[in-house]
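Fold and geometry: a report
So the chains spell out like this:
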Amino acid sequence: MVLKLVGAPVSTCTRRVATVLVEKKVPFEFIPIDMSKGEHKAASFVSNQPFGQVPYIDDDGFILYESRAIGRYLCDKYPDQGAKLVPALNDVKGRALFEQAASNEYQNFDPLAYRACFEMIFKKRRGLTPDPAVFEQLITALAAKLEAYEIILGKQKYLAGDEITLADLFHIPYATTLALAGTDIMSKQGPNVTRWYKELSERPSWVAVKDGVQSMSSY
Amino acid sequence: MVLKLYGTPYAFGATAVVAMVLLEKHIPFEFVLVDLKTGAHKTREFRERHPFGNVPCIEDDGFIVYESRAIARYLADKYADQDHGPRLIPVPTKVQERAVFEQGASVENVNFFPSVLKVIQEKFEKPLHGETTDEVALAGYIAELSKVLSVYDDILSKQRFMGGDEFSLVDIFHVGTGPGLALGGIDVMISTGPNVARWWNDVISRPSWVKLQAEGIKSSV
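Cut-offs applied
Position numbers for residues start from 1 in each chain and track the written sequence from start to end. The naming scheme follows written order: chains are lettered A onward, ligands numbered 1 onward. Local features in this predicted model are restricted to residues of pLDDT 70 or higher, and side-chain atom pairs are both shown and tallied only at a pLDDT of 80 or more, whereas totals for entire chains, interfaces and linings draw on every residue. Heavy atoms throughout the structure, all of them, feed into the side-chain values; hydrogens and water do not. UniProt positions are given in the numbering used here, feature names are shortened, and annotations may be inferred rather than shown by experiment. Paired strands, as defined in this entry, are two strands with at least two bridges between them according to DSSP. Numbering of helices and strands runs from the N terminus, with a helix taken as a DSSP run of H or I at least four residues long and a strand as a DSSP run of E at least two residues long. Interaxial angle, 0 to 180 degrees, is taken between N-to-C directions of lines fitted to C-alpha atoms, where a helix line uses only the stretch in contact. Whether two residues touch is decided by their heavy atoms; if any such pair falls within 4.5 Å, the residues are in contact. Buried area: the accessible area, evaluated with a 1.4 Å probe, that two parts lose upon being put together, summed over both parts. What makes a salt bridge here is a side-chain nitrogen of Lys or Arg within 4 Å of a carboxyl oxygen of Asp or Glu, nothing more. Any pair of nitrogen or oxygen atoms within 3.5 Å is treated as a polar contact; in protein, a donor-acceptor pairing is required on top of that, and neighbouring residues in sequence qualify only through side-chain atoms on both sides. A 1.4 Å probe rolled over the protein chains alone gives each residue an accessible area, and that area as a share of the maximum for its type sets the label: buried under 20%, exposed over 50%, partly exposed in between. Charge assignment: positive for Lys and Arg, negative for Asp and Glu; neither His nor the chain ends contribute.

Under an unreviewed UniProt entry, chain B has the name glutathione transferase and belongs to Roridomyces roridus. Under the UniProt heading Catalytic activity (unreviewed entry), the entry covering chain B gives this text: "RX + glutathione = an S-substituted glutathione + a halide anion + H(+)". Turning to chain B, the UniProt annotation filed under Sequence similarities (unreviewed entry) states: "Belongs to the GST superfamily."

The name an unreviewed UniProt entry assigns to chain A is glutathione transferase, from the organism Roridomyces roridus. Quoted straight from UniProt, the Sequence similarities (unreviewed entry) entry for chain A says "Belongs to the GST superfamily." Taken from UniProt, the Catalytic activity (unreviewed entry) comment for chain A reads in full: "RX + glutathione = an S-substituted glutathione + a halide anion + H(+)".

Details of the sheet that holds strand β3 (residues 57-60) of chain B
Residues and elements named next belong to chain B. Read across the open sheet, the four strands follow the order β2-β1-β3-β4; overall the sheet is mixed. Two strands close off the open sheet at either side, each with one partner strand: β2 (29-33) and β4 (63-66). Between one strand axis and the next, the sheet turns through 20° on average, direction left out of account. Pairing of strand β1 (residues 3-7) with β2 involves five bridges; the strand directions are parallel.

Comments concerning the interface of chain A and chain B
Tallying the contact residues gives 31 residues for chain A and 34 residues for chain B. Roughly 3,000 Å² is buried in total at the junction of chain A and chain B, and carbon and sulfur atoms are behind 62% of that figure. For the pair chain A and chain B, the interface holds two salt bridges. Residue Arg72 of chain A pairs with Glu102 of chain B through a salt bridge whose shortest N-O separation is 3.4 Å. For the interface between chain A and chain B, the tally reads eight residue pairs in polar contact (both at pLDDT 80 or more).

Side note on the environment of Glu39 of chain A
Residue and element names in this part refer to chain A. Tracing the backbone shows Glu39 in the loop between β2 (28-32) and α2 (43-46). Judged by its relative accessible area of 32%, Glu39 is partly exposed. In this structure the C-alpha to C-alpha distance between Glu39 and Pro55, which are 16 residues apart in sequence, comes to 12 Å. Ignoring any residue separated from it by four or fewer positions in sequence, one finds Glu39 in contact with Pro32, Ile33, Asp34 and Phe45.

Describing the UniProt feature "domain: GST N-terminal" (unreviewed entry) in chain A
Annotation from UniProt places "domain: GST N-terminal" (unreviewed entry) at residues 1-82 of chain A. In this annotation, residues 1-82 of chain A is assigned 33% helix and 22% strand; the end-to-end C-alpha distance for the span is 20 Å.

Structural notes on the side chain of Arg15 of chain A
Tracing the backbone shows Arg15 of chain A in helix α1 (residues 12-23). For the buried Arg15 of chain A, which has no salt bridge, the nearest side chain bearing the opposite charge is Asp211 of chain A, at an N-O separation of 6.2 Å.

Details of the pattern of salt bridges
Applying the stated criterion across every chain, the model contains 27 salt bridges over all chains. Of the charged contacts in the structure, one is a salt bridge between Glu23 of chain A and Arg203 of chain A, with a shortest N-O distance of 2.7 Å. In this pair, Glu23 of chain A is assigned in helix α1 and Arg203 of chain A in the loop between α8 (191-201) and α9 (204-209), connecting sequence segments 180 residues apart. Owing to a relative accessible area of 9%, Glu23 of chain A belongs among the buried residues under this scheme. We note a salt bridge from Arg68 of chain A to Glu105 of chain A, for which the minimum N-O separation is 2.7 Å. Highlighted residues: Arg68 of chain A in helix α3 (residues 67-77) and Glu105 of chain A in helix α4 (residues 92-125), separated in sequence by 37 residues. For the pair Arg68 of chain A and Glu105 of chain A, one class covers both residues: buried. Residues joined in a network through salt bridges with shared partners are Arg72 and Glu99 of chain A together with Arg73, Arg98 and Glu102 of chain B.

Pasting the structure below:
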């Protein structure tokens, strides 16, 4: 049975999963959830995703949530199909450097980028007032993290080494949303981050899903 | 050469997460204290090892890794053989078990960690900087954390640990933050639900954690 992706068409985390599905050439059926109607808090949804967050997948009865876990699962399940996005299983050092880069994304980049987007974009959608001072603080903190990225990306092409990995791809949804939030920091930090960000934002798998996720039956 | 662990010496924070893994896996190590109060982690020399200027990091015969969860995964990977204690992570070829582990790992850093960090910052870190804890804000943060732990209770009614049915790194990832709450009289880790209480007691009664609480982090050689 075709894998089902249950999520919201332009949700950052749903598009994060869709990018990896496209990279790995995995056909999928997209089942949209209307968050404005609270469908993600309905009992039938929460029985599959107990935090009431999008997305989750149903892979022939195997339910999995957390976009980064889903991305890793797809790479583990389809190691020889599509792009190679994680180091080989027996490459212990390569995997350590991958995990280091992945941790930078979810510990150093995402909390700041997410909160900055929340402040200027998601708050408005919920009828709350954005606070530009909070936004500036977050962007300043993010700029400090990106200084380290600038150093790393001056020595190697991508965050884990010279090959692209999930660690790079996982940045794309919030990195691109930052522009909508009102900052061009991803293109202003330095030449290395700018080069890396430009390449990621033009990646065909992202371009295919960025304006809204849709079912893909073949590649 | 013996592995070097750079970090803080307490049974608290990210260094403690790595120390617990080293003990669980019987990996000998030399502990090198980094005194955060003197800004030792922001010197140029330290930043050459760790561009973000955080602790912990390890140096394994010249190979440097930072980010506690990445270090933990590297240690579990490198010492996956039977002579080094519990596996702590499913084999990658058991694809669904591994996926459930990754789901739990992501839940810790996306749902648990941000919530518990707010509680810790309000209750413990503010007074350290001469500020007063805002009790109303703290109550709000504790309520948020309790909501997360209610979902944990549901998850733990169906599986024994947060990464699946075996004790794993996912559980260990919680010891950098969870145990500190009780020191401030915040008992959410055991009062939110029976399954969370059962799980949490299993985690903090591991001999490795008991030893760290009693002795702090010290070189094992």
